[in-house]
Amino acid sequence: MIGLATKLLGFMAADLGVEREALVGAFTGRRQSMAIHHYPPCPHREKVLGITPHTDGLGLTLLLHVDDTPGLQIRRGGRWFPVRPLPGAFVVNVADILDVLSNGAYRSVDHRVLPDAERARTTVMIFQEAAVGGEVAPLPGLVAKGGGAL
Ligand SMILES: O=C(O)CCC(=O)C(=O)O
Ligand SMILES: [Fe+2]
């Protein structure tokens, strides 16, 4: 999974037009952790949330759906949209630190989970940390191009 995260970050660096090492280096040697979420079915969907709206704080999140139960939603323009599970595919979620490093070119998305009325849902999460513990700022090349930090 470290290899996958590194590959994705390498593609992002190319897309942003910055040195690969400038972006990938911010993640190299940092912790990668895993969590498994299980959401039991809930007949009172209108009364509960599986996970309340939030953005992920770290660098990059990879999410694998174990089943085909829907539930994840992202917010765009004030509306919630479902993220449908695709067999064998990872959902790649940009988290806050990557948002800052990319100077907002990749946005940290607000998301939540709603339980399903009839079916349980299980997800595997991989959280890739970036350089924390100091000041996090946009990569220098991006500030020069964009004319300022967002
Ligand atoms: O289980 C999910 O679909 C999302 C979980 C999540 O957003 C998180 O752990 O940060
Ligand atoms: Fe999340």
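Residues numbered from 1 in each chain as written. Chains lettered and ligands numbered in written order. Predicted model: local features only at pLDDT ≥ 70, side-chain atom pairs only at ≥ 80, totals over all residues. Heavy atoms only, no water.

Here we look at the nonpolar core
Part 1 of the reasoning: Judged by nonpolar contacts, the single largest core of 22 residues is most densely connected at Leu9, Met12, Leu23, Phe27, Leu60, Leu98 and Leu101.
Part 2 of the reasoning: Examining the composition of this core, we find that six residues originate from one element, helix H1 (residues 2-16), more than from any other.
Part 3 of the reasoning: Those residues in contact with phenylalanine 27, other than ones at most four positions away along the chain, are Leu9, Gly59, Leu60, Leu98, Leu101, Gln128, Glu129 and Ala130.
Part 4 of the reasoning: Leu63, Leu72, Met125 and Phe127 belong to the second largest nonpolar core, which has seven residues in total. (Core = buried A, V, L, I, M, F, W, Y, C linked by side-chain atoms within 4.5 Å. Buried < 20%, exposed > 50% of the residue type's maximum accessible area, 1.4 Å probe, protein only. Helix = DSSP H or I, 4+ residues; strand = E, 2+ residues; numbered from the N terminus. Contact = heavy atoms within 4.5 Å.)

Quick look at the sheet that holds strand S5 (residues 79-82)
Part 1 of the reasoning: A sheet is described by the order of its strands in space; here four strands give the open sequence S2-S7-S4-S5, paired in antiparallel fashion. Both outer strands of the open sheet, strand S2 (51-54) and S5, are each paired with one neighbouring strand and no more. The mean angle between the axes of side-by-side strands here comes to 25 degrees, regardless of whether they run parallel or antiparallel.
Part 2 of the reasoning: By the bridge criterion, two bridges tie S2 to strand S7 (residues 111-113) in an arrangement that is antiparallel. Within S7, the residue paired with isoleucine 51 across the bridge is valine 113. (Pairing = 2+ DSSP bridges. Axes fitted to C-alpha atoms, helices over the stretch in contact; angles between N-to-C directions.)

Section: the side chain of arginine 112
Part 1 of the reasoning: Among the structural elements, arginine 112 can be located in strand S7.
Part 2 of the reasoning: Looking at arginine 112, its side chain comes within polar contact range of the side chain of glutamine 73, at 2.7 Å.
Part 3 of the reasoning: Residues in contact with arginine 112, not counting those within four places in the same chain, are Leu49, Ile51, Thr52, Pro53, Gly71, Leu72, Gln73 and Trp80. (Polar contact = N/O pair within 3.5 Å; in protein donor to acceptor, adjacent residues only side chain to side chain.)

A closer look at the UniProt feature "domain: Fe2OG dioxygenase" (unreviewed entry) in the chain
Part 1 of the reasoning: The residues that UniProt annotates with the feature "domain: Fe2OG dioxygenase" (unreviewed entry) are residues 30-130.
Part 2 of the reasoning: What you have in residues 30-130 is 6% helix and 43% strand, and the ends, taken at the C-alpha atoms, are 6 Å apart. (UniProt positions renumbered as here; feature names shortened; annotations may be inferred.)

Concerning the pattern of salt bridges
Part 1 of the reasoning: If you walk through the whole model with that rule in mind, you get five salt bridges.
Part 2 of the reasoning: The salt bridge involving arginine 20 is made with glutamate 21; its shortest N-O contact spans 3.9 Å.
Part 3 of the reasoning: Of the charged contacts, one joins glutamate 129 and arginine 31 as a salt bridge, the two residues approaching to 2.9 Å between their closest N and O atoms. On the criterion of sequence distance, the pair formed by glutamate 129 in the loop between strand S8 (121-128) and helix H4 (140-146) and arginine 31 in the loop between helix H2 (20-24) and strand S1 (32-39) is long-range, its members being 98 residues apart.
Part 4 of the reasoning: For glutamate 129, a relative accessible area of 13% puts it in the buried group. (Salt bridge = Lys/Arg side-chain N within 4 Å of Asp/Glu carboxyl O.)

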